[in-house]
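Chain and residue survey
If you want the building blocks of each chain, they are given just below.
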Amino acid sequence: MNATAKELGMTNTTYTDASGLKETTVSSAEDQVKLGNELVKIPSLMDITKLPSWVDPSGHKWTNYNRLVPYNNSLGIKTGTTTAAGGNLLFAATKEVGGETAVVVGAILGQHTAPIIDTVNAVSKTAMLAAQDAMTSAKILKKGTVVGYVDDQLGGHTPVVVTKDVAAVGWAGLKVKLSFAADDVPHTAKAGTKVGTLTVGDGSGGAVKVPVALQKDLAEPALTSKLTRLG
């Protein structure tokens with residue numbers, strides 16, 4: 001568990017037991033959100049956590065202490081409430097924005113106002129709804145914008161462009177991660193040939209992938225360029 005926490009960048013988290021009940025097991029809201037961003041990538045798990053109740057094999061019905069489900073597109077995740085730690089809730093929810101399904105993840109910790117389970121649910125609901133309301137879609141790149149070049153290592157640079165408008169989902173002031181994955185680029189190709197994919201977002205909130213293509217014909221370097229390089 002500690003090795004996984006380290007991989008996820010949960011620098012304020014230490015696990016000393018599997019239940020989380022020991023006082024020596026500690027974490028932070030920021031770290032729990034990092035964990036939640038990984039959990040929402042597991043659809044089968046979310047199908048369980050978003051249930052308001054379930055019936056065990058003996059026929060006994062159990063109620064989910066996360067009262068945010070099944071409302072407001074909540075995905076649930078996990079409560080963690082004790083007298084010592086107070087009310088704690090790691091939550092997630094979806095929001096349809098600009099034709100994309102965005103996911104918001106949040107954590108509320110240390111709620112000690114009794115009844116603590118009700119208090120943490122109420123505070124979490126306020127935070128979740130505010131995060132959903134703040135989500136918006138904004139165009140960050142226009143179709144045809146140059147986002148890179150094919151470099152033939154001999155002085156030739158053929159521009160590559162996005163093939164459609166690129167929108168990012170988030171909130172005001174959010175920094176959006178952009179990453180590029182190149183295809184196998186041929187020695188020659190016509191303008192419009194796809195040469196890679198631009199990914200907007202990190203995948204935790206529903207990353208958008210956009211094809212990137214040559215703006216003009218890609219030609220092999222001239223013989224004089226090759227001879228100059230050899231010289």
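These lines cover the structure that appears in this document, whether it is placed above or below. On a predicted model such as this, the values are computed, not experimentally measured, just so you know.

Focus: the overall build of the protein chain
- When helices and strands are counted, the protein chain shows five helices and twelve strands.
- The C-alpha atoms of the protein chain give 24 Å as radius of gyration, which overshoots the globular expectation for 231 residues (17 Å, by more than 25%).
- Buried residues in the protein chain amount to 31% of all 231 residues.
- In the protein chain, of all internal contacts separated by at least 6 residues, the share reaching a separation of at least 24 is 48%.
- Accessible surface, the protein chain as shown: approximately 13,800 Å² in total, 56% of it carbon and sulfur.
- Averaging the locations of the 22 positively and 20 negatively charged side chains of the protein chain gives two centres separated by 4 Å.

Here's the deal with the nonpolar core
- Counting residues in each nonpolar core, the largest one holds 15 residues, and the members touching the most others are Val160, Val162, Val166, Val212 and Leu214.
- At the level of secondary structure, the elements contributing two or more residues to this core comprise strand S8 (157-162), strand S9 (166-170), strand S11 (194-200) and strand S12 (208-214).
- Of all the elements, S12 adds the most residues to this core, at four residues.
- Residues Ala93, Val104, Ile108 and Met128 belong to the second largest nonpolar core, which totals twelve residues.

Topic: unusual backbone geometry
- Pro70 follows Val69 through a cis peptide bond whose omega is 5°.
- The peptide bond linking Ala114 to Pro115 adopts the cis configuration, its omega dihedral lying at -5°.
- By the secondary structure assignment, Pro115 is in the loop between strand S5 (100-111) and helix H4 (116-134).
- Phi angles above zero are rare outside glycine, and Asn73 is one such case at about 60°.
- In this fold, Asn73 is placed in the loop between strand S2 (61-63) and strand S3 (74-79).

Brief notes about the side chain of Ser74
- Inspection of the secondary structure puts Ser74 in strand S3.
- Those residues within four positions of Ser74 in sequence are excluded, and the remaining contacts are Lys50, Leu68, Val69, Ala92, Ala93 and Met128.

Some thoughts on the pattern of salt bridges
- This model, assessed by the stated rule, comprises four salt bridges.
- The salt bridge partner of Lys50 is Asp47, with a shortest N-O separation of 3.6 Å.
- Close ionic contact of Lys139 with Asp165 constitutes a salt bridge, the shortest N to O distance being 3.3 Å. A residue pair is termed long-range when its members are at least 10 positions apart, and Lys139 in strand S6 (residues 136-141) and Asp165 in the loop between S8 and S9 qualify at 26 residues.

Quick look at the environment of Ala168
- Tracing the backbone shows Ala168 in strand S9.
- Separated by 31 residues in the primary sequence, Ala168 and Ser137 place their C-alpha atoms 5.6 Å from one another.
- Residues in contact with Ala168, not counting those within four places in the same chain, are Thr136, Ser137, Ala138, Ile140, Val176 and Val200.

Notes on the sheet that holds S12
- In space, the five strands of this open sheet follow the order S7-S8-S12-S11-S10, with antiparallel pairing throughout. Looking at the sheet topology across the chains shown, the edges are occupied by strand S7 (146-151) and strand S10 (178-182). Adjacent strand axes in the sheet meet at a mean angle of 30°, parallel and antiparallel pairs treated alike.
- The sheet contact formed by S7 and S8 spans five bridges and is antiparallel.

Topic: the sheet that holds S3
- Overall, antiparallel pairing links the three strands, which are arranged S3-S4-S5 in an open sheet. Of all strands in the sheet, those bounded by a partner on one side alone are S3 and S5. Within the sheet, the average angular offset between the axes of one strand and its neighbour, ignoring direction, is 15°.
- With ten bridges joining them, strand S4 (residues 87-97) and S5 adopt antiparallel strand pairing. By the bridge assignment, Ala92 is partnered in S5 with Val105.
- This element, helix H2 (residues 29-39), spans S3, S4 and S5 of the sheet and lies at about 145° to S5.

Each value, and the rule that gives it
Residues numbered from 1 in each chain as written. Predicted model: local features only at pLDDT ≥ 70, side-chain atom pairs only at ≥ 80, totals over all residues. Heavy atoms only, no water. Helix = DSSP H or I, 4+ residues; strand = E, 2+ residues; numbered from the N terminus. Rg over C-alpha atoms; globule rule 2.2 N^0.38 Å. Buried < 20%, exposed > 50% of the residue type's maximum accessible area, 1.4 Å probe, protein only. Contact = heavy atoms within 4.5 Å. Areas by Shrake-Rupley, 256 points an atom, 1.4 Å probe, with all protein chains shown as cover. Lys, Arg positive; Asp, Glu negative; His and termini not counted. Charge placed at Lys NZ, Arg CZ, Asp CG, Glu CD. Core = buried A, V, L, I, M, F, W, Y, C linked by side-chain atoms within 4.5 Å. Salt bridge = Lys/Arg side-chain N within 4 Å of Asp/Glu carboxyl O. Pairing = 2+ DSSP bridges. Axes fitted to C-alpha atoms, helices over the stretch in contact; angles between N-to-C directions.

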